[in-house]
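The primary structure of each chain is shown beneath.
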Amino acid sequence: MITCANCDTPQFLQITQSRVYFEDGEMINEISETYECTLCGSTGQYAYDDDRDEETVTGDVMLTKERPKFA
């Protein structure tokens, strides 16, 4: 789950830009999303690379497997 690092909740995150890359036209090879928190104005980016099977986040967002503290 993508969560705002400042607000500890995903509730106010809005995707402002999203890209999906298809290398061979069938399988998704890379996903890139830019987020903005409408509560505090923080921004961040999430990226998934299928070739490396790797997820990365930058900026004021965090990736968590746990449920959010605030819903």
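From a predicted model like this one, the values you see are computed outputs, not experimental measurements.

Rules behind the numbers
- Residues numbered from 1 in each chain as written.
- Predicted model: local features only at pLDDT ≥ 70, side-chain atom pairs only at ≥ 80, totals over all residues.
- Heavy atoms only, no water.
- Helix = DSSP H or I, 4+ residues; strand = E, 2+ residues; numbered from the N terminus.
- Buried < 20%, exposed > 50% of the residue type's maximum accessible area, 1.4 Å probe, protein only.
- Contact = heavy atoms within 4.5 Å.
- Pairing = 2+ DSSP bridges.
- Axes fitted to C-alpha atoms, helices over the stretch in contact; angles between N-to-C directions.

Right, let's talk about the environment of Asp51 for a bit. Mapped onto the elements, Asp51 comes out in the loop between β4 (43–49) and β5 (54–59). Judged by its relative accessible area of 60%, Asp51 is exposed. When the C-alpha atoms of Asp51 and Ser32 are compared, they prove to be 14 Å apart, with 19 residues separating the residues in sequence. Ignoring any residue separated from it by four or fewer positions in sequence, one finds Asp51 in contact with Glu23 and Asn29.

Take the sheet that holds strand β3 (residues 28–37) next. If you walk across this open sheet you meet the four strands as β2-β3-β4-β5, and the pairing is antiparallel. The outermost strands of the open sheet, each flanked by one partner alone, are β2 (13–22) and β5. Neighbour-to-neighbour, the strand axes of the sheet open up by a mean angle of 15 degrees, direction not taken into account. Alignment of β2 against β3, held across nine bridges, turns out to be antiparallel. Looking across to β3, one finds that Gln14 is bridged to Glu36.

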